[in-house]
2 protein chains.
Amino acid sequence: MVHVAILGFGTVGSGVAEVLTTNGGLIDGRVNNQLRLKYIVDVRDFPDSPYADLFVKDFAVLENDPELDIVVETIGGATIALDFTTRALKAGKSVVTSNKELVATHGYELLQLAREHGCSYLFEASVGGGIPILRPLSSCLAANELEQVTGILNGTTNYILTRMIRAGLTFDQALAEAQANGYAEKDPTADVDGHDACRKICILAALAFGRHVYPDQVPTQGIRGVTLEDVAYADSVGYKIKLLGRALRQPEGKVCAFVAPHLVPGENPLAGVEDVFNAIAVTGNAIGDVMFYGRGAGKLPTASAVVADVIDIAKDLKKDRHNGWEEGSPDLVVSADSLVSAWYVRAQVSADQARKQCGEIHLLARSGAPAGEAAFLTAPMTQPEIQDKLAGLDVGSLFRVLA
Amino acid sequence: MVHVAILGFGTVGSGVAEVLTTNGGLIDGRVNNQLRLKYIVDVRDFPDSPYADLFVKDFAVLENDPELDIVVETIGGATIALDFTTRALKAGKSVVTSNKELVATHGYELLQLAREHGCSYLFEASVGGGIPILRPLSSCLAANELEQVTGILNGTTNYILTRMIRAGLTFDQALAEAQANGYAEKDPTADVDGHDACRKICILAALAFGRHVYPDQVPTQGIRGVTLEDVAYADSVGYKIKLLGRALRQPEGKVCAFVAPHLVPGENPLAGVEDVFNAIAVTGNAIGDVMFYGRGAGKLPTASAVVADVIDIAKDLKKDRHNGWEEGSPDLVVSADSLVSAWYVRAQVSADQARKQCGEIHLLARSGAPAGEAAFLTAPMTQPEIQDKLAGLDVGSLFRVLA
């Protein structure tokens, strides 16, 4: 018998309880053991829940129960969740989480703690919701030197951009619709300003390249600056605007990581990822390009990933999973300044002047463009180069084009 | 030190040697041990190969070397490969393979043999080339009751269909081009008639649903019957014609599996999978839909998957991987007759007559269609139902529409 506790009975926590119950027989068969949900910790009361008997309010009950093997943390944030995770690991309980903020900010120390106490810290659900990505990255692609990871990592912003592209809604209208549909929070900052995507690319970068990358090391630009004009210009050449989290291997063990809107060519499979779906493309020196696609959020998809981690641990409670990464450092992450790419520019400028300043350009058209506005794609160059060329211009938008 | 041998120094075998060499340091780090390529078995001589010292012709050398841990079988086929795999497993050596024919026809017995002799039989590379799919299916999606698996499983046919769609080549022209580019064999039967896709869907079905599914249980239709007319009609409503391998869970532990060309709606991510790329979509009761995408063949991508299996085994040589399935049976696989779907029909018939026979239809148009030809989409119904309705008509093509 393997005993499990859930911390936080919100969307994901209740989804985990549901999956453990609904698929219980099947899961026990796969673990070759009996998995039993023993506790749910929440400050609230749930007298009508089918799990009402399991609720406790005092975390110490879990800490002191020698029978308890696995703690599922779905509280979120990096305060109480950090405290409980630390105490669980110190008590030798393995912890499974969907909490990207905690992993992105404290992953290294928590992984160390797990190793010291002979237990595991797994977080497949922290990136891409239900999409299997972290385990494939560390096991299925283990024969590869990984070159880069590029992801549509946030379903809310992808939904907003999709509605702008397909329905012609403005950013504000699309955001309001996403909020009405429950795809965006009342305070949408974490999503639309790219912080959520930033945490996820930190975790992917750490796993792909082996050292902790902190959110404050990763330049992050959200989608508030993307306009319907940009969407229309991109569409005129079959490109889609997507918010991408990117991490690229650099010489001497360095990493380049950032989050920003990009123009994605239609033939790139990332261009076809719509609505709340996420996708992560990985390039390795043997495998070439591979992509993982699915629902990046939601109760049951996320619970599916959490429970997969629970099953993995339950199959072998004492296995040393070596699934971690080494310590980060302030000089680990280098700027994207040297990264060459084509650029999309929308500015108040004549075509002639644009050509004069930027050299060879590909002019874009949209119906209803006012006189004096030009949008164009440039030849590949670095960010300092394009910014230098655009000096003095009234630039509305400047986005990279994904190669 | 973990000792590895490669059987068959063809495209995949030499790719495995290359990956083990190129990424050797990194791989040793991930295994936390030294991986050493000790033998290569091939009937041919390779005096100029950098691995010339490793070649042996007598398999018994491997069988009798107590130091040898892992045998990589990249011979292909189900004769010598079966003999060598059987002998290796009986000698307690774990075997890793990319050989879909062998796994699809003898997987159950070889998995049993591996278990009996305390070693492993792994075959991630047998489906989807480099794409991580088998391990994600059995571990990352372990919390799910799987409902169905749908894949573009053969790169050659996908290349041919892509060229028909994008360049307007006929099937014969596209096949000739694929052969010229090395994407199709001189004898293209296994690919274009769907046998390769059939073997792969057998492996996916067995893993997803837990019992061996044999190729001769799976109705298989290739792409020789797909015409440029069909491609044009499909395109008129934004659909793509794709060869799909499908496996669906049925009541009472039964499985429905088949291979056939389908019309795929443009918004389905499988529609965007082009050229030699493969993709496998999986539906689970918790995760919903998830898709895995990448190169389905090729030297290094396939080698990447093979070496990932080698690394998995090398990390823990004696682990019981339980990665298998149970015995199949003649009544396991049920026909697709009861599977309801919309249908694409191209026939020599008037629109009125088509409507009279098939009820509500959606007529399709293409430029240059001769008088008397009609193509249309039907309402959802079973195969016996549509065949009944089409009785007496001169039907050119009849394909399912993927829901």
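Residues numbered from 1 in each chain as written. Chains lettered and ligands numbered in written order. Predicted model: local features only at pLDDT ≥ 70, side-chain atom pairs only at ≥ 80, totals over all residues.

Brief notes about the overall build of chain A
When helices and strands are tallied, chain A shows 14 helices and 16 strands. Here the C-alpha radius of gyration of chain A, 23 Å, is about what a compact globule of 403 residues would show, namely 22 Å. Residue burial in chain A is summarised as follows: out of 403 residues, 52% are buried. Partitioning the contacts of chain A with sequence separation of at least 6, the portion at a separation of at least 24 is 74%. (Helix = DSSP H or I, 4+ residues; strand = E, 2+ residues; numbered from the N terminus. Rg over C-alpha atoms; globule rule 2.2 N^0.38 Å. Buried ≥ 20, exposed ≤ 12 C-beta atoms within 10 Å, placed from the backbone. Contact = placed C-beta atoms within 7 Å.)

Looking at the interface of chain A and chain B
Counting residues at the interface gives 39 residues for chain A and 39 residues for chain B. For the side of chain A that touches chain B, the elements supplying multiple residues, two or more each, are helix H2 (24-31), helix H6 (134-140), strand S11 (288-295) and helix H12 (299-315) of chain A. Taken together, the 5 bridges between S11 of chain A and strand S11 (residues 288-295) of chain B define a ladder with antiparallel strand orientation. In the sheet register, Met 291 of chain A faces S11 of chain B, and the bridge partner there is Tyr 293 of chain B. (Pairing = 2+ DSSP bridges.)

Topic: unusual backbone geometry
In this structure, Asn 32 of chain A takes a positive phi of about 65° despite not being glycine. Locating Asn 32 of chain A in the fold gives a position in the loop between H2 and strand S2 (35-41). Despite not being glycine, Glu 252 of chain B has its phi angle at roughly 60°, a positive value. In this structure, Glu 252 of chain B sits in the loop between strand S8 (239-249) and strand S9 (255-265).

Describing the sheet that holds strand S3 (residues 55-56) of chain A
All names here are of chain A. On the basis of which strands lie adjacent, the open sheet formed by 6 strands has the order S3-S2-S1-S4-S5-S6 and parallel pairing. Of all the strands in the sheet, just S3 and strand S6 (121-122) have a single pairing partner and so form its edges. Pairing of strand S5 (residues 94-97) with S6, which is carried by 2 bridges, proceeds in the parallel orientation. Following the sheet pairing, Val 96 is matched in S6 by Leu 122. Running over the sheet, helix H1 (residues 11-22) touches strand S1 (2-7), S2 and strand S4 (68-73) and is turned about 160° from S2. (Axes fitted to C-alpha atoms, helices over the stretch in contact; angles between N-to-C directions.)

Notes on the sheet that holds strand S3 (residues 55-56) of chain B
Residue and element names in this part refer to chain B. Spatial strand order, S3-S2-S1-S4-S5-S6: 6 strands in an open sheet with parallel pairing. Whereas interior strands pair on both sides, the edge strands pair on one side only; in this sheet they are S3 and strand S6 (121-122). Examined bridge by bridge, strand S2 (residues 35-41) and S3 share 2 bridges and lie parallel to one another. What sits directly across from Ile 40, in S3, is Phe 55. Lying over the sheet, helix H4 (residues 80-90) contacts strand S1 (2-7), strand S4 (68-73), strand S5 (94-97) and S6, oriented at roughly 165° with respect to S4.

Considering the relation of the copies chain A and chain B
Mapping chain A onto chain B leaves a residual RMSD of 0.0 Å; the transformation is a rotation of 180° accompanied by 0.0 Å of translation along its axis. Both copies are brought into coincidence by an operation consistent with a two-fold rotation axis. Looking at the rotation axis and the C-alpha trace of chain A, the residue lying nearest is Phe 292 of chain A, at 2.4 Å. Same-surface contact between copies: 100% of interface residues of chain A are shared with the interface of chain B. (Least-squares fit on C-alpha atoms with pLDDT ≥ 70 in both.)

What about the domain arrangement of chain A?
Interface size is often expressed as the accessible area that is lost when the parts come together. Residues and elements named next belong to chain A. As far as domains go, chain A holds domain 1 (2-130 + 300-315), domain 2 (134-293) and domain 3 (340-401). Using C-alpha coordinates to define each centre, domain 1 is positioned 27 Å away from domain 2. Its residues placed into classes, the side of domain 1 that touches domain 2 shows 5 nonpolar, 5 polar and 3 charged. (Domains from an automatic or database assignment. Nonpolar A, V, L, I, M, F, W, Y, C, P; charged D, E, K, R; others polar.)

Notes on the packing of helix H1 (residues 11-22) of chain B against helix H12 (residues 299-315) of chain B
Residue and element names in this part refer to chain B. Close contact between H1 and H12 brings their axes to 8 Å; oriented N to C, the two are set at 65°. With respect to each other, H1 and H12 are oriented roughly perpendicular. In this structure, the crossing between H1 and H12 has a hand that is right-handed. In this structure, H1 uses Thr 11, Val 12, Gly 15, Val 16, Glu 18, Val 19 and Leu 20 to contact H12, whose residues at the interface are Lys 299, Leu 300, Thr 302, Ala 303, Ser 304, Val 306 and Val 307. The residue inventory of the contact of H1 with H12, partitioned by class, reads 8 nonpolar, 4 polar and 2 charged. (Parallel < 35°, antiparallel > 145°, perpendicular 65-115°, else oblique. Left-handed = near helix turned anticlockwise from the far one by under 90°.)

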